[in-house]
Amino acid sequence: MLQLRPLVHIWNTFWATPGFCNKLSVIFKGPGWGPGKPRLGLPEEIPVITGKEVPFNPSVPAYLNCYAVVHFAVIMDLYTELLGTVTMLSQGTILLRIGFIILSLTSFGLLLENRPKAEILEIIRCLVFVGVYKLGHLRSQFSFLCYAYEVLFSLCAAFWGIQIMKRITSTKDKHH
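**Student:** How do you make sense of the packing of helix α3 (residues 62-85) against helix α5 (residues 118-134) when you look at a structure like this?
**Tutor:** Helix-helix packing: each pair is described by the crossing angle between the helix axes and the interaxial distance. Following both chains from N to C, one finds α3 and α5 inclined at 35°, their axes separated by 14 Å at the closest point. The two elements α3 and α5 cross, and the hand of that crossing is left-handed. On α5, the residues that touch Tyr67, His71, Ile75 and Leu78 of α3 are Glu122, Arg125, Cys126, Phe129 and Tyr133. Residues belonging to the contact of α3 with α5 are distributed by class as follows: six nonpolar, one polar and two charged.

Structure representation (structure tokens):
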């Protein structure tokens, strides 16, 4: 999963820091750096490790792990086909395929972290796949899998739609 919070903090610190050289130092020196501090910050500002810190480790159902592995294998197939045909494709098609791979990896990360809107992104990803695959911009290196991919992604979009509907109805039942 791409972690963006540190980048937001660096961006805000960059703009809040006076002076051009200090702004560059925000980017290239350690996270504890500030004007008048050593390159890696002051040792007394480092948080104390107590051993009671709880690591982030969401529990995920086994079917979701299998789902992610199967779809990752499909993405790897599409990626290897992209590598084999990159010299024959237009720049737009290459960017579309790379964008779909990034969308897929992001969606997998959100699903495996149990994020609340992950199912919606996964439906969008599956429907985008079906549409782009039908238009011929995505292809498998194994021609016998073409129909199987269309069926798989269509069924997955339906599955996530059902999951969302179940979640909506269960939250409505809890509120009444």
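**Student:** For this particular structure, what's the right way to read unusual backbone geometry?
**Tutor:** Generally, phi is negative for residues other than glycine and the peptide bonds are trans, each holding for most cases. In the Ramachandran plot, asparagine 114 falls in the positive-phi region, its phi being about 55° despite a non-glycine side chain. Inspection of the secondary structure puts asparagine 114 in the loop between α4 (91-112) and α5.

**Student:** Can you walk me through α4 in this structure?
**Tutor:** Each α-helix turn comprises 3.6 residues. Residues three or four places apart therefore point the same way. Across its 22 residues, α4 extends 32 Å between first and last C-alpha, which sits within 8% of the 32 Å expected from 1.5 Å per residue. The set of residues buried in α4 consists of Thr93, Ile94, Arg97, Phe100, Ile101, Ser104, Ser107, Phe108, Gly109, Leu110 and Leu111.

**Student:** Can you walk me through a nonpolar patch on the surface in this structure?
**Tutor:** Together, Leu7, Ile10, Phe20, Leu24, Ile27 and Phe28 make up an exposed nonpolar region whose accessible area comes to about 630 Å². Elements supplying a minimum of two residues to the nonpolar patch: α1 (5-16) and α2 (20-28). Element by element, the count of residues in the nonpolar patch is highest for α2, at four residues. Turning to its location among the elements, phenylalanine 28 is positioned in helix α2. Residue classification places phenylalanine 28 among the exposed residues on the basis of a relative accessible area of 64%.

**Student:** Help me out: how do you make sense of the pattern of salt bridges in this one?
**Tutor:** Across all of its chains, the model carries seven salt bridges by this definition. A salt bridge links glutamate 150 to lysine 134; its shortest N-O distance comes to 2.9 Å. Residue glutamate 150 is found in helix α6 (residues 146-175), and its partner lysine 134 is found in helix α5; the two are separated by 16 residues along the sequence. A residue is classified by how much of its surface remains accessible, and glutamate 150, at 17% relative accessible area, is buried. Judged by its relative accessible area of 57%, lysine 134 falls in the exposed class. Within the structure, one salt-bridge network assembled from shared partners comprises Glu81, Arg97 and Arg139.

**Student:** Sorry if this is basic, but what is going on with α1 here?
**Tutor:** With 12 residues, α1 should cover 16 Å at 1.5 Å per step; its first-to-last C-alpha distance of 17 Å lies within 8% of that length. Among the 12 residues of α1, one are classified as buried, and the element is accordingly described as predominantly exposed.

Criteria and cut-off values
- Each chain has its residues counted from 1, running along the sequence as written.
- Only residues with pLDDT of at least 70 get local features here, since the model is predicted, and only at 80 or more are side-chain atom pairs given and counted; chain-wide, interface and lining totals rely on the full set of residues.
- Values reported for side chains reflect all heavy atoms of the structure, with hydrogen atoms and water molecules removed beforehand.
- Interaxial angles span 0 to 180 degrees and are taken between N-to-C directions of axes, which are lines fitted to C-alpha atoms, for helices over the stretch in contact.
- The secondary structure listing takes helices from DSSP runs of H or I that are at least 4 residues long and strands from runs of E that are at least 2 residues long, numbered from the N terminus.
- By definition, any crossing whose near helix is turned counterclockwise from its far helix by less than a right angle is left-handed, and any crossing with a clockwise turn is right-handed.
- Contacts between residues were defined by any pair of non-hydrogen atoms, one from each residue, lying within 4.5 Å.
- Residue type decides the class: Asp, Glu, Lys and Arg count as charged, Ala, Val, Leu, Ile, Met, Phe, Trp, Tyr, Cys and Pro as nonpolar, and the leftover types, Gly among them, as polar.
- In this analysis, the expected span of each helix is defined as 1.5 Å times one less than the number of residues it contains.
- Only protein chains enter the calculation, and the probe is 1.4 Å; a residue is then buried if its accessible area is under 20% of its type maximum, exposed if over 50%, and partly exposed in between.
- Note on patches: the residues involved have over 30% relative accessible area and no salt bridge, like charges join within 9 Å, and the nonpolar side chains Val, Leu, Ile, Met, Phe, Trp and Tyr join within 5 Å.
- We get accessible surface area from the Shrake-Rupley algorithm with a probe of 1.4 Å; when it comes to residues, only the shown protein chains can shield them.
- A side-chain nitrogen of Lys or Arg and a carboxyl oxygen of Asp or Glu constitute a salt bridge if their distance falls within 4 Å.

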